[in-house]
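# A look at the structure
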Amino acid sequence: MSSATSSSRVRIPKIPFWAQILTGLVLGVLLGWVARSQDISWLHTTLGQIGDIFVQLLKLAVAPLVFFAILVSITNLRKVNNAARLASRTLLWFMITSLIAVSIGLAIGLITNPGAGTGLTPKDGKLPEHAGSWIDFLTGIIPTDIITPFTELNVLQIVFMAAVAGIAALQLGEKAQPILTLSESILELLQKALWWVIRLAPLGTLGLIGFAIADYGWDLIGKYATFTADVYIGCALVMFGVYPLLLATVAKVNPLQFYKGAWPAIQLAFVSRSSVGTMPVTQKVTERLGVPKEYASFAVPFGATTKMDGCAAIYPALAAIFIAQIFDVQLSIGDYLLIAFVSVIGSAATAGLTGATVMLTLTLSTLGLPLEGVGLLMAIDPVLDMMRTATNVAGQSLVPVIVSAREKILDHDAYNSASSSPIDSIGSTPVEDKQPVAVAA
């Protein structure tokens with residue numbers, strides 16, 4: 001009888017993660033509109049706190065996650081034949097795709113004139129609290145001590161220390177094995193804890209979107225309508241135009257299959273607005289697309305801190321044109337070339353964190369544009385950052401697929417069978433020792 005009762009129970013279907021995210025998005029917009037239109041201060045505050053807690057939980061894992069991910073990824077290169085070749089090809093494709101992205105951003109900006117007719121003036125801008133420059137960028141790579149980069153979340157310095165530690169471990173060989181084993185275990189622990197945070201993404205979406213609507217309202221978004229549309233269109237052209245073209249012509253694989261497999265990481269990036277926070281998911285979907293684990297464990301963490309087609313290419317190109325038009329500054333051909341140079345070389349300044357203010361100030365200071373222009377874009381930044389980060393993460397998964405395909409180490413069976421499965425099924429797996437991956441000469 002108990003068996004019959006058990007079999008007759010109605011099973012509640014599990015809600016797909018994308019549907020949870022969409023529900024959070026819709027509820028966030030609705031609650032944000034109610035909070036603003038009815039002037040409900042407690043709802044406004046609550047939405048902000050929910051979003052802040054979610055972002056803070058992501059940031060809490062960033063520093064140790066970056067350090068151990070980079071350290072382990074470098075040491076994993078010992079399992080790959082011709083590791084230097086793979087690393088150099090990865091960096092080359094990062095630069096190629098960044099150059100294409102910034103070119104698209106410049107073209108859209110020159111066609112649409114996003115700063116025209118906004119009603120904004122230089123008086124609406126204000127200086128940012130922190131500004132980036134090439135001197136700060138170059139001198140800021142090396143930390144003054146080993147504690148401050150972690151407490152102040154200076155990801156670039158954390159990457160530097162992790163790279164040094166990883167290279168030293170490679171040089172030490174077997175003597176460093178206990179440290180490597182411990183590092184791999186800590187990385188697995190951090191990824192497992194981050195999975196718990198990721199499950200809160202629907203609530204985080206509700207809070208972040210709701211607060212943005214309640215705080216800024218539709219009127220403010222209207223002032224930036226052209227600029228916002230430009231950023232979304234530019235990112236969409238790169239993500240759904242350039243990337244599929246590269247997959248079809250360079251990697252010679254089915255582009256639709258890529259998005260099918262990579263979708264869990266792309267949707268999480270859209271919500272979390274953090275490439276580093278999405279990194280464990282990005283690595284799992286990249287491996288699921290047939291990229292060897294040893295190579296993916298290097299390329300994805302490397303990309304999460306340096307590969308930013310949305311934040312470091314499309315956005316600063318459009319923002320520079322927007323700010324120049326507001327401040328009535330004429331940009332020359334040389335200025336546009338400088339924007340492209342900064343985007344390709346300086347993208348590590350974004351460091352995978354929420355927002356791209358450092359990259360924008362670096363671009364503006366290089367061009368000699370007023371840094372007060374950053375203040376013009378801060379209010380609209382959360383709305384823009386969702387699409388920018390989704391583009392970043394798509395590119396971070398794309399390049400390892402392209403490099404693997406060209407080097408003939410891509411598992412085409414795995415790629416062709418990759419599915420957009422629920423996020424729970426992409427959980428972390430134990431680190432395994434495998435035979436070296438051979439790279440074609």
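The structure this text deals with has already been given above.
Residues numbered from 1 in each chain as written. Predicted model: local features only at pLDDT ≥ 70, side-chain atom pairs only at ≥ 80, totals over all residues. Heavy atoms only, no water.

Applying the stated criterion across every chain yields a total of nine aromatic pairs. A centroid spacing of 5.5 Å and a plane angle of 25 degrees characterise the contact between F298 and F302, whose relative ring orientation is stacked. In this pair, F298 and F302 both sit in helix α13 (residues 293–306), four residues apart, roughly one turn of the helix. The partly exposed category is assigned to F302, whose relative accessible area is 22%. Every member of this aromatic cluster is reached through a ring pair, and the members are Y224, F227, Y315 and F322. Its guanidinium or amino end placed over the ring of Y315, R388 lies 4.1 Å from that ring's centre, counting from NZ or CZ. (Phe/Tyr/Trp six-rings, centres within 6.5 Å; stacked < 30°, edge-to-face > 60°. Helix = DSSP H or I, 4+ residues; strand = E, 2+ residues; numbered from the N terminus. Buried < 20%, exposed > 50% of the residue type's maximum accessible area, 1.4 Å probe, protein only. Lys NZ or Arg CZ within 6 Å of the ring centre and 35° of its normal.)

This part takes up the side chain of T363. Assignment of secondary structure puts T363 in helix α16 (residues 357–367). Beyond its immediate stretch of four places on either side in the chain, T363 contacts P316, A320, I339 and V342. (Contact = heavy atoms within 4.5 Å.)

What follows deals with the pattern of salt bridges. Scanning all chains against the criterion turns up five salt bridges. Between E407 and R85 there is a salt bridge; the shortest N-O distance is 2.9 Å. Of the two residues, E407 is situated in the loop between α18 (381–406) and α19 (412–417) and R85 in helix α4 (residues 83–112); the sequence distance between them amounts to 322 residues. Residue E407 is classed as buried on the basis of its relative accessible area of 2%. Judged by its relative accessible area of 25%, R85 falls in the partly exposed class. R388 is the partner of D385 in a salt bridge, and the nearest nitrogen-oxygen pair spans 2.7 Å. Note that D385 and R388 are positioned in helix α18 at a spacing of three residues, about one turn of the helix. Just as D385 is buried, R388 falls in that class too. A single salt-bridge network, built from bridges that share partners, covers R85, R89 and E407. (Salt bridge = Lys/Arg side-chain N within 4 Å of Asp/Glu carboxyl O.)

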